[in-house]
Amino acid sequence: VVTREDVEESLKAKWQYVKDQEQLLKDLHSQIEETAQRLSVKQSERDYWLEYKNVGSKTQANKIMNLEKDIKEVKDDLHRATEYYRNALKAVKEENDKVVERHMELSKEQAPESAVRYLDKNSCREIEENEWLKEEVKMYQKEVSELKASIQLLEEENIGLVTKMIDSRLQNLRV
């Protein structure tokens, strides 16, 4: 038996878990932005050194190549980190959705039980009477449909008899 307090505590725990995951996502986004800024700085350095290289400095050519490698590594790191965080975000969202859905299903299952527990005797009796009335309505509907079918048959029989009677009167009038 799960009490309302248990359900509320569970909801609070899940809510805190979601908030923690959102904070983690914010941190991840800030890390991605920081990496993007580093990438921008490295690219500007690269551009500067490329210009310097074109002027003709061989000693700086190695430095430019190293910076280009660094930029490539930073880009690769950014791509991997972005992909990792995207996958992590997707997994966290799916897990959160599953947890929330499970909790909602559990709450839906427990809601009628807890509602019935807190009902007074009159309400319980009304529910029982309502169920009984539903059964009675089904029986009466069945009986009504049977009566309609028998009425249909009787009307068809009457129409047939009236038709025969009219035909015999016409026969008598012809004679």
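Per chain, the residues get numbers from 1 upward, laid out in the order the sequence is written. Under the rules for a predicted model, residues below a pLDDT of 70 receive no local features and side-chain atom pairs below 80 are neither given nor counted, while totals for whole chains, interfaces and linings still include all residues. To obtain the side-chain values, all non-hydrogen atoms of the structure were used and water was disregarded.

Going by what an unreviewed UniProt entry lists, the protein chain is known as CCD83 protein and is assigned to Oceanites oceanicus.

**Let's talk about the overall build of the protein chain**
Under the scheme used here, helices are H or I runs from DSSP no shorter than 4 residues and strands are E runs no shorter than 2 residues, and both carry numbers assigned from the N terminus. From N to C terminus, the protein chain includes 3 helices and 0 strands. Scanning the protein chain from its N terminus toward the C terminus, one meets helices and strands in the order α-α-α. In summary, the protein chain has a C-alpha radius of gyration of 41 Å against a globular reference of 16 Å for 175 residues, an excess of more than 25%. Once the C-alpha set of the protein chain is aligned to its principal axes, its extents read approximately 135 × 60 × 15 Å. When a residue's accessible area, from a 1.4 Å probe over protein chains only, is under 20% of the maximum for its type it is buried; when over 50% it is exposed; and in between it is partly exposed. Within the protein chain, the proportion of its 175 residues that are buried is 13%. We compute the radius of gyration from the C-alpha atoms alone; for a globule the expected value is 2.2 Å times N to the 0.38, where N is the number of residues.

**A few points about the confidence of the model for the protein chain**
Per-residue pLDDT for the protein chain has a mean of 89; in total, 95% of the residues score no lower than 70. At the level of individual helices and strands, the protein chain shows its lowest average pLDDT in helix H2 (residues 59-117), which scores 87, and its highest in helix H3 (residues 121-174), which scores 92. What pLDDT conveys is the predictor's confidence in a given residue, as a value from 0 to 100.

**Comments concerning the packing of aromatic side chains**
Any pair of aromatic rings gets described here by the distance separating the centres and the angle formed by the planes. Note on aromatic pairs: the rings of Phe, Tyr and Trp (six-membered ring only in Trp) are paired at centre separations within 6.5 Å, and the planes decide the class, stacked below 30 degrees, edge-to-face beyond 60, tilted for the rest. All chains considered together, the criterion is met by 1 aromatic pair. Ring geometry for Tyr84 versus Tyr85: centroids 5.3 Å apart, planes at 65°, classification edge-to-face.

**Some details on the pattern of salt bridges**
One side chain can pair with another of opposite charge once the charged atoms of both are near each other. Salt bridges are defined as contacts in which a side-chain nitrogen from Lys or Arg sits within 4 Å of a carboxyl oxygen from Asp or Glu. Scanning the entire structure with this criterion turns up 9 salt bridges. Between Asp47 and Arg46 there is a salt bridge, and its shortest N-O distance comes to 3.7 Å. According to the relative accessible area criterion, Asp47 is partly exposed, its value standing at 44%. Linking Glu129 and Arg125 is a salt bridge whose minimum nitrogen-to-oxygen distance equals 3.4 Å. Remark: Arg125 and Glu129 occur in helix H3; sequence separation between them is 4 residues, near one turn of the helix. For Glu129, a relative accessible area of 38% puts it in the partly exposed group.

**Focus on the environment of Arg38**
One can find Arg38 in helix H1 (residues 4-55). The class of Arg38 is partly exposed, set by a relative accessible area of 42%. On a C-alpha basis, the gap between Arg38 and Val74 in space is 7.9 Å, while along the polypeptide they are 36 residues apart.

**Things to note about the side chain of His103**
Inspection of the secondary structure assignment puts His103 in helix H2. In contact with His103, other than residues within four places in its own chain, are Val7, Ser10 and Leu11. Contacts between residues were defined by any pair of non-hydrogen atoms, one from each residue, lying within 4.5 Å.

**Structural notes on a nonpolar patch on the surface**
Patch members must show over 30% relative accessible area and no salt bridge, and they are joined within 9 Å when carrying like charges or within 5 Å when they are nonpolar side chains of Val, Leu, Ile, Met, Phe, Trp or Tyr. The method behind every accessible area is Shrake-Rupley, applied with a 1.4 Å probe, and residues are considered shielded solely by the protein chains displayed. A cluster of nonpolar side chains, namely Val162, Ile166, Leu170 and Leu173, defines an oily patch on the protein surface of about 380 Å² accessible area. On the secondary structure map, Ile166 appears in helix H3.

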